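Coordinate inspection notes
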Amino acid sequence: MTRLPPLARRSKTLSASLGLGEKLFASSEERRFADAIETGLVEVEEGLLREVAFADDMADVTSRYLLEAGGKRIRPVLTLLTAQLGDGNNASVITAAQAVEITHLASLYHDDVMDEAEMRRGVPSAQNVWGNSVAILTGDLLFARASKLVAGLGEGAIKLQADTFERLCLGQLHETIGPRPGDDPIDHYLQVLADKTGSLIAAAAQMGVIFSNAPEQYAAPVVAFGEKIGVAFQLIDDVIDLAEPEEETGKAQGTDLRSGVATLPLLFLRRAAHTDPEAAALLARIERTVEAEVVPGSAAADAIDEQLAAAIAELRAHSVTAETLDEARRWADEAVAALAPLPEGPVKLALTKFAEAVVERST
């Protein structure tokens, strides 16, 4: 039996996690398609290791930190997928896939500072290791590297990167300041998700079409797919945040709630609290425990933690969490519907299966 090299084995695991396993591809055409994605992922991964390397010792260590911690490489996979609508994995497609993943990595360093996250990909977040300033500067360095890669792809790529970066920043800004008076909090939250997550996933899919010389009319469907599946992905994360197991995410149960982040289940609970006394009582318990000021490690802190854990478990079982799942499925269904103009074949199949896999993560 032929043994794959380490990067190829990792690539197999990554692509399988996105719904590209062998069981989904029975014909020789579909198998060739899956092999192209595997090969492209190996090239992307090797390029990422090169592109995040810095001559400065400190920058080299910090910039590799989250890359080496892992990740599913969802965005470069989408670039490679949509590239199969055209010429496939040419040099420009591989470069674009690397650039979009480095952009994503850069955003993680910044997001973790903004959210005061303790863990990322199962390891302590960068600012927990080196402090906020180093984490922010590392994110800036990675944005610079991504921009350098994109610059080699031409003016259109530069504009797409700039537009996407603008939306990433606006999404974070709007999340930070919250909804304005008169804004619907749920609509505001969904727009934040579209900007912070959907925009980059959409750009990743669009780059595959552009740089593979695929028919221009395929760009709009994959952009719409990326925007909508990005929102669905984050809504499923909202549900996963309430789950008990920590092994897969490296995060404690209710990490977002403990940090004061109002995810969709909590926003639905706030809406229900206007007319439902039980929802109002649960909301009050969550807010009281989250806002409690206690000395870390004290008996009072332990008691508050137990109360919050109980409230989170109750929120997980509440109908608002099921409502969040329904909302995620709706966005995923709309993402699949957006693919209608694409030709039937392995690309459309893989994107459809990916949308299904996004929703199934909650189980």
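Above this note sits the structure.
Presented here is a report on the structure given in the accompanying data block. On a predicted model such as this, the values are computed, not experimentally measured, just so you know.

Here's the deal with the overall build of the protein chain
Helix and strand counts for the protein chain stand at 16 helices and two strands. Here the protein chain, with 363 residues, has 49% of them falling under the buried criterion.

Remarks on the pattern of salt bridges
Oppositely charged side chains may form a pair once their charged atoms are brought near each other. The final tally for this structure, using the stated rule, is 19 salt bridges. In this structure, Arg330 engages Glu334 in a salt bridge whose closest nitrogen and oxygen atoms are separated by 2.8 Å. On the criterion of helical spacing, the pair formed by Arg330 and Glu334 is a turn pair, its members being four residues apart in helix α15 (residues 319-337). Measuring nitrogen to oxygen at the nearest pair gives 2.9 Å for the salt bridge that ties Lys348 to Glu344. Looking at Glu344, the relative accessible area reads 69%, which means it is exposed. Each of Lys228, Glu327, Arg330 and Glu334 takes part in one network of salt bridges that share partners.

Some words on helix α4 (residues 74-83)
Extensive coverage of α4 is indicated by the burial of 10 of its 10 residues. Of all the positions in α4, only Ile74, Arg75, Pro76, Val77, Leu78, Thr79, Leu80, Leu81, Thr82 and Ala83 are classed as buried. In the core, the buried residues of α4 are packed alongside α2 (28-51), α5 (91-115), α9 (185-211), α10 (219-240) and α16 (346-360).

What about the side chain of Gln127?
For Gln127, the location among the structural elements is in helix α6 (residues 126-130). The exposure class assigned to Gln127 is buried, which follows from its relative accessible area of 10%. Within the structure, the side chain of Gln127 is placed 2.7 Å from the backbone oxygen of Asp112, a separation counted as a polar contact. Setting aside chain neighbours within four positions, we find Gln127 in contact with Asp112, Val113, Glu116, Ala117, Asn132 and Ala135.

Concerning the packing of α5 against helix α8 (residues 155-177)
Two numbers describe a pair of packed helices, the interaxial angle and the distance between the axes. For the pair α5 and α8, the least separation of the axes is 12 Å and the interaxial angle reads 15°. Judged by the angle between their axes, α5 and α8 are roughly parallel. Remark: the crossing between α5 and α8 carries right-handed chirality. From α5, Thr103, Asp111, Met114 and Asp115 reach across to α8, where they touch Gln161, Leu168, Gln172, Glu175 and Thr176. Its residues assigned to classes, the contact of α5 with α8 comprises two nonpolar, four polar and three charged.

Quick word on the environment of Arg285
Relative to the helices and strands, Arg285 resides in helix α13 (residues 277-291). Overall, the relative accessible area of 29% leaves Arg285 in the partly exposed class. For Arg285 and Ala311, which are 26 residues apart along the polypeptide, the C-alpha to C-alpha distance reads 6.8 Å.

Remarks on a nonpolar patch on the surface
Judged by side-chain polarity, Leu170, Leu173 and Ile177 come together as a nonpolar surface patch covering roughly 260 Å² of accessible area. When its relative accessible area of 45% is taken as the criterion, Leu173 is described as partly exposed.

What about the environment of Ala34?
Along the polypeptide, Ala34 turns up in helix α2. Residues Ala34 and Leu81, spaced 47 residues apart in sequence, show a C-alpha to C-alpha distance of 9.0 Å.

Notes on the packing of aromatic side chains
Counted according to the given criterion, the structure contains three aromatic pairs. Summarising the aromatic geometry, the rings of Phe225 and Phe354 are spaced 6.5 Å apart at their centres and angled 50° between planes, so their arrangement reads as tilted. A residue pair is termed long-range when its members are at least 10 positions apart, and Phe225 in helix α10 and Phe354 in helix α16 qualify at 129 residues. For Phe225, a relative accessible area of 0% gives the class buried.

Cut-offs and rules
- Residues numbered from 1 in each chain as written.
- Predicted model: local features only at pLDDT ≥ 70, side-chain atom pairs only at ≥ 80, totals over all residues.
- Heavy atoms only, no water.
- Helix = DSSP H or I, 4+ residues; strand = E, 2+ residues; numbered from the N terminus.
- Buried < 20%, exposed > 50% of the residue type's maximum accessible area, 1.4 Å probe, protein only.
- Salt bridge = Lys/Arg side-chain N within 4 Å of Asp/Glu carboxyl O.
- Contact = heavy atoms within 4.5 Å.
- Polar contact = N/O pair within 3.5 Å; in protein donor to acceptor, adjacent residues only side chain to side chain.
- Axes fitted to C-alpha atoms, helices over the stretch in contact; angles between N-to-C directions.
- Parallel < 35°, antiparallel > 145°, perpendicular 65-115°, else oblique.
- Left-handed = near helix turned anticlockwise from the far one by under 90°.
- Nonpolar A, V, L, I, M, F, W, Y, C, P; charged D, E, K, R; others polar.
- Patch = residues over 30% accessible without salt bridge, like charges linked within 9 Å, V, L, I, M, F, W, Y side chains within 5 Å.
- Areas by Shrake-Rupley, 256 points an atom, 1.4 Å probe, with all protein chains shown as cover.
- Phe/Tyr/Trp six-rings, centres within 6.5 Å; stacked < 30°, edge-to-face > 60°.

The analysis is restricted to geometry; functional conclusions fall outside its scope.
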